[in-house]
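Descriptive structure summary
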Amino acid sequence: MERMEGLLFDASREGNVTLLQTLLQEDPLILDRVSVNHCDDMPLHVASMLGHVDFVNEILSRNPRLATESDSQRRLPLHIASAKGHVEIVKALLSAHPETCLARDRDGRNPLHVAAIKGRYEVVKELLQAQPHAARAMVEQETILHLCVKLNQLEFLKLLVERMGDYEFVNSKDADGNTILHLAVLDKQVETINFLLLNTTVEVNASNTNGDTPMNILGQRPNDEKDQQIIESLKRAGALEVKPQDLSAKIPQNRRTKWSLKCYTKPTSPSVLKKKKDWLEETRAAVMVVASLIATMAFQAGTNPPGGVWQEDDQTNDPPRYAAGRAIMASGDPKLHHVFLVSNSVGFVSTLSIILLLISGLPLTKKNRVFTWIMMIIMWIAATSMSLTYIVSVLFLTPDPKPKTIENLVSWIMGVWIILITLLVIGHIINGVVQVIIKLLKCFICIETTPTT
């Protein structure tokens, strides 16, 4: 057994497809056995590192699940191929399991982060095309845009902004509250600064946790030729040098309040904002996984319905009641089969719609309530449809006359589900009404100030 595993390692190192095929003929389970017994030097990882495209394709054609196996550093083959810049292998691994683009290694990096750090431009393009929202994942409280600026990777920054350049993404802050413009100014990257100011929606007067704007950061360093160029660019973009906390000193004192009630908003700390962003990213990934699973279940149920399919044509009736390959449910209980097809199809299309929304790059945030509400409603429809599909399947598979316990169980499940959905709808309606009332109260109870005469 150890000899065969040694030969398999040699084959993966040399990219010897013929030897791999020979070993699989002798032991069809050798790939699974190696993945169980070894944390490192797995054949697919080795071949992905060395760029053996044909060897990788052969393994994936035999066992595509191996693309999801990780080594001791929690790296997938896609991490390794992305770091090495093997574009064809990256394409093959993405075709087998596109969701691996979201997987994180022990350092919290997904393959897109690794490719950007290593300067693999073509690989980054492939990964962005496969899973655009992988770019929104945070690493040590930094986005991939922060990594690009720190590594002075302007071409990657331009590509990411072109594909994912929405306002929230461009103005994301790191643990110190710095935007990518702060970092570019700090490192005096003149070309990067000009690109950000002219081609993005970056906030030129955003402040970090110390209250410093990009202009403040520049003012803390000795002036040179680069500083002068940056200052001119920032001023043309409307940059201010005054810290936010200094603005309070400029408010005139000869003002009186017209209302006795004060409108106070508690400031949100950077750690709280970071937790909210992490939660949103985890929610996006979780919804993608759930939607993929439901879509898979619906597809399997559609192609292999309850009761199976007829294995041969009807030879006893004229005209025949059924034909080979047709659903048994369709001839056994046509009405129940119609309900099954409708509910299963609705569930399948709903989950595909969710996946399409998630990979479209639309931001899942509180600011984009319409997108969030649409996705939530579609998810309710998908879950309800799959529940109805399950109930229809159970009813068809239960022999007649159906036991009273089955009928009671189905009635109980439907009743609980209807109550649950009703409570959710009522809860969201109440929450929406409360939010509207709060906003109206803020409009009427805020401090109104006027100059004293």
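Because the structure is a prediction, the values reported are computed rather than measured. (Residues numbered from 1 in each chain as written. Predicted model: local features only at pLDDT ≥ 70, side-chain atom pairs only at ≥ 80, totals over all residues. Heavy atoms only, no water.)

1. Details of the overall build of the protein chain
When you go through the protein chain residue by residue, the secondary structure sums to 21 helices and 2 strands. By residue count, 38% of the 453 residues in the protein chain fall in the buried class. Looking at the protein chain alone, contacts between residues at least 24 apart form 69% of all its contacts between residues at least 6 apart. Summed over all atoms, the accessible surface of the protein chain reaches about 25,700 Å², with 58% contributed by carbon and sulfur. (Helix = DSSP H or I, 4+ residues; strand = E, 2+ residues; numbered from the N terminus. Buried < 20%, exposed > 50% of the residue type's maximum accessible area, 1.4 Å probe, protein only. Contact = heavy atoms within 4.5 Å. Areas by Shrake-Rupley, 256 points an atom, 1.4 Å probe, with all protein chains shown as cover.)

2. Focus: a nonpolar patch on the surface
The grouping of Val 342, Val 346, Trp 373, Ile 377 and Ile 381 at the surface amounts to a nonpolar patch, some 390 Å² of accessible area in total. Of all elements in the fold, only α19 (334-359) and α20 (369-397) reach the threshold of two or more residues within the nonpolar patch. A per-element tally of the nonpolar patch places α20 first, with 3 residues. With respect to the element layout, Trp 373 can be found in helix α20. Look at Trp 373 and you get partly exposed, because its relative accessible area is 37%. (Patch = residues over 30% accessible without salt bridge, like charges linked within 9 Å, V, L, I, M, F, W, Y side chains within 5 Å. Salt bridge = Lys/Arg side-chain N within 4 Å of Asp/Glu carboxyl O.)

3. Some details on helix α6 (residues 77-84)
Burial analysis of α6 places 7 of its 8 residues in the buried class, which makes it a mostly covered element. Taken together, the buried positions of α6 are occupied by Pro 77, Leu 78, His 79, Ile 80, Ala 81, Ser 82 and Ala 83. Elements that come into contact with the buried residues of α6 comprise α4 (43-50), α7 (87-96), α8 (111-118) and α9 (121-130). Positive backbone phi, at 80 degrees, marks Gly 85, one or two positions downstream of α6.

4. A short note on the UniProt feature "transmembrane region" (unreviewed entry) in the protein chain
Per the UniProt entry, the sites bearing "transmembrane region" (unreviewed entry) are residues 339-359, 371-397 and 409-434 in this numbering. Secondary structure content for residues 339-359 is 100% helix and 0% strand, and the end C-alpha separation is 31 Å. Spanning residues 371-397, this segment combines 100% helix with 0% strand, and its end C-alpha atoms are found 39 Å apart. (UniProt positions renumbered as here; feature names shortened; annotations may be inferred.)

5. Things to note about the pattern of salt bridges
Applying the stated criterion to the full structure yields 12 salt bridges. Glu 58 is the salt-bridge partner of Arg 62, the closest N and O atoms lying 3.0 Å from each other. Taken together, the residues span about one helical turn, with Arg 62 and Glu 58 both in helix α5 (residues 53-62) at a distance of 4 residues. On the basis of relative accessible area, Arg 62 is assigned to the partly exposed category, the value being 43%. Judged by relative accessible area, which is 14%, Glu 58 ranks as buried. Put simply, Asp 32, Arg 65 and Glu 69 are held in one network by salt bridges that share partners.

6. Here we look at the UniProt feature "repeat: ANK" (unreviewed entry) in the protein chain
Here the UniProt-annotated "repeat: ANK" (unreviewed entry) positions come out as residues 73-95, 107-129 and 176-209. Along residues 107-129 the backbone is 74% helical and 0% strand, and the end-to-end C-alpha distance reaches 24 Å. With 50% helix and 0% strand, residues 176-209 has its two end C-alpha atoms placed 6 Å apart.

7. Observations concerning the packing of helix α1 (residues 2-14) against α4
The interhelical angle for the contact between α1 and α4, taken along N-to-C directions, is 20 degrees, at an axis separation of 8 Å. Comparing the axis directions of α1 and α4 gives the class roughly parallel. Of the two possible hands of crossing, α1 and α4 adopt the one that is right-handed. In this structure, α1 contributes Leu 8, Phe 9, Ser 12 and Arg 13 to the contact, and α4 contributes Pro 43, Val 46, Ala 47 and Leu 50. (Axes fitted to C-alpha atoms, helices over the stretch in contact; angles between N-to-C directions. Parallel < 35°, antiparallel > 145°, perpendicular 65-115°, else oblique. Left-handed = near helix turned anticlockwise from the far one by under 90°.)

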